[in-house]
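Observations on chain architecture
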Amino acid sequence: MGFTQLHTLSVLKLSWLESLGIIPNESSVYGDFQQRIRYDGHMARYEVSLPWKEPHPMLLYNYSLSKSHLVSLLSRLRNDPGVLKEYHAVIQEQLNAGIVERVEEDGAGEVGEVHYLAHHPVVRQDKQTTKVRVVYDASARKNGGPSLNDCLYSGPPLSETIADVLVRFRCQNTALFGDLEEAFLMISVAQDDLDALRFLWFDDQFSEEPKIIVLRFARVAFCLSSSPFLLNATLKHHIMMYESEDPEFVQKLLQSLYVDDIISGDSDDIGAYKLYIKAKSRLAEGGFNARKFVSNSMKLMSQIKENERLLENSCHGGQSIASRL
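Residues numbered from 1 in each chain as written. Predicted model: local features only at pLDDT ≥ 70, side-chain atom pairs only at ≥ 80, totals over all residues. Heavy atoms only, no water.

Some points on the overall build of the protein
Applied cut-off: Every helix listed is a DSSP run of H or I at least four residues long, and every strand listed is a run of E at least two residues long, numbered separately from the N terminus. A 1.4 Å probe rolled over the protein chains alone gives each residue an accessible area, and that area as a share of the maximum for its type sets the label: buried under 20%, exposed over 50%, partly exposed in between. Note on contacts: a residue pair is in contact if any heavy atoms of the two residues lie within 4.5 Å. Note on areas: these come from Shrake-Rupley sampling with a 1.4 Å probe, and a residue is covered only by the protein chains present in the view.
Helix and strand counts for the protein stand at 10 helices and 12 strands. Looking at the protein residue by residue over its 325 residues, the buried ones come to 43%. Considering only intrachain contacts with a sequence separation of at least 6, the fraction spanning at least 24 residues in the protein is 74%. If you sum the accessible surface of the protein, you get close to 17800 Å²; carbon and sulfur atoms cover 52% of it.

Digging into the packing of aromatic side chains
To be explicit about the condition: In this scheme Phe, Tyr and Trp rings, the latter by its six-membered ring, pair at centre separations within 6.5 Å, and the angle between planes marks the pair as stacked below 30 degrees, edge-to-face above 60, and tilted otherwise.
Within the structure shown, the criterion is met by 13 aromatic pairs. Residues Tyr-39 and Tyr-46 carry aromatic rings whose centres are separated by 5.1 Å and whose planes lie at 70° to one another, so their mutual orientation is edge-to-face. Judged by its relative accessible area of 36%, Tyr-39 is partly exposed. Owing to a relative accessible area of 3%, Tyr-46 belongs among the buried residues under this scheme.

Focus on the environment of Tyr-242
Counting through the fold element by element, Tyr-242 comes out in the loop between helix H6 (227–239) and helix H7 (247–254). Separated by 40 residues in sequence, Tyr-242 and Arg-282 place their C-alpha atoms 8.6 Å apart. Every residue in contact with Tyr-242, bar those within four places of it in the chain, is listed here: Pro-247, Val-250, Arg-282 and Glu-285.

Thoughts on the environment of Asp-137
Tracing the chain through its elements places Asp-137 in strand S5 (residues 132–137). Considered as a pair, Asp-137 and Ser-147 are 10 residues apart in the sequence and their alpha carbons are 9.3 Å apart. The residues contacting Asp-137, other than those within four sequence positions of it, are Leu-117, Ala-118 and Cys-223.

What to know about the layout of surface pockets
The condition is simple: Space inside and on the surface of the protein is sampled on a 1 Å grid over the protein atoms alone, with a cavity defined as a set of points where a 1.4 Å probe fits but cannot get out and a pocket as an open set with protein on both sides within 12 Å along at least 5 of 7 lines; lining residues have an atom within 4 Å of a point. Grid points are joined across faces, edges and corners, and a volume is the space filled by probe spheres set on the points. Residue polarity is assigned by list, with Asp, Glu, Lys and Arg as charged and Ala, Val, Leu, Ile, Met, Phe, Trp, Tyr, Cys and Pro as nonpolar; anything else, Gly included, falls into the polar class.
Space inside the largest pocket adds up to approximately 1200 Å³. Around the largest pocket, the lining comprises 30 residues; the ones closest to its centre are Gln-94, Arg-133, Val-134, Glu-182 and Leu-185. When contributions to the lining of the largest pocket are tallied by element, the ones reaching two or more residues are helix H4 (81–97), S5, strand S6 (174–180) and strand S12 (290–294). In terms of residues, the lining of the largest pocket owes the most to one element, S5, which gives five residues. Its residues placed into classes, the lining of the largest pocket shows 17 nonpolar, two polar and 11 charged.

So, the sheet that holds S6
Going by this rule: Here a strand pair is declared whenever DSSP counts at least two bridges between the two strands. Lines fitted to C-alpha atoms define the axes here, with helix axes fitted over just the stretch in contact, and angles between the N-to-C directions of these axes take values from 0 to 180 degrees.
Spatially, the four strands line up as an open sheet ordered S10-S11-S6-S12, and their pairing is antiparallel. Only two strands of the sheet have a single neighbouring strand rather than two, namely strand S10 (257–258) and S12. Relative to strand S11 (residues 261–266), S10 runs antiparallel, the two sharing two bridges. Looking at S11, one finds that Leu-257 is bridged to Ile-262. Along the sheet, H7 makes contact with S10 and S11, crossing S11 at roughly 125°.

Quick look at the environment of Tyr-153
Looking at where Tyr-153 falls in the secondary structure, it is placed in the loop between S5 and helix H5 (162–170). Tyr-153 sits 100 residues away from Lys-53 along the chain, and the two C-alpha atoms are 5.8 Å apart.

Some points on the confidence of the model for the protein
The criterion, for reference: Here pLDDT means the predictor's own confidence in every residue, given as a number from 0 to 100.
This prediction gives the protein a mean pLDDT of 86; 84% of its residues lie at or above 70. Here residues 1–22 is modelled with pLDDT under 50, and outside its nearest four sequence neighbours on either side it reaches nine contacts, counting other chains as well.

Brief notes about the sheet that holds strand S7 (residues 188–189)
Pairing is mixed in the open sheet, where three strands are placed in the order S1-S2-S7. Of all strands in the sheet, those bounded by a partner on one side alone are strand S1 (38–40) and S7. The pairing of S1 with strand S2 (residues 45–48) spans three bridges and is classified as antiparallel. Residue pairing in the sheet places Tyr-39 in a bridge with Tyr-46 of S2.

What follows is the structure, given as structure tokens:
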């Protein structure tokens, strides 16, 4: 095989790896993550740093472009007041929950350190409750410059493949399936990275001359190319803390996670219930709420529903089954 053919194969291999989110220099990304992750005991959640490429291209200052897009967005949303009202309600709910926070300053900021995310609505008519989702875009570029995602590593793959997870799942007599509530948004972003996650909105969307306000994500935004890695790495970091006391549980749970889903089970109801109890309580210690558990066993579902009911009542002095195990 000649040099030209070898070079072509190398280029194709690199392109294929990049399509999987595996690119040169990412071998140290997880190591850097482990050095920087910390648990905030006061907020009861983990805090992570964004995995910036070193070096990464300079982010162009895009406040003016974001402002122009925002004005255009408001004009479109005003054609459907119901969607506009719900759009504002979603942002306000995230503001009240601390998922996003207000930046008490004007549009000025340091070039290369401040970035504004574009956003738009996705309307789901088939949904019974919230029909409007606010979707953010971290891949938008200004004048041919880099996007935010261009400046971040996607991170190495840490989760099991869906095929492996499903094969193990189908081998269990008693199935157990659940998910982690808003898992990405349960992880805080380090203070130094927050200004790269700014976006613009209005104080009063129905005013004739609404005032533009600056907001920013305080949690891991789903739109980032690195978000799946940050979630997987955080979950792995937290779960591995139980390895010395319960290695079997650690291995089983890590092999059962696919993004924010728990796809698992056991040979019988007793084993599956113990897995549920451990996963529920230990993930909660990391700030994650494992919920919406379902099973093919009616007996197990009855036990889970009873424990969930007692957990809900524990705020009023009740005691869960888990606390008595």
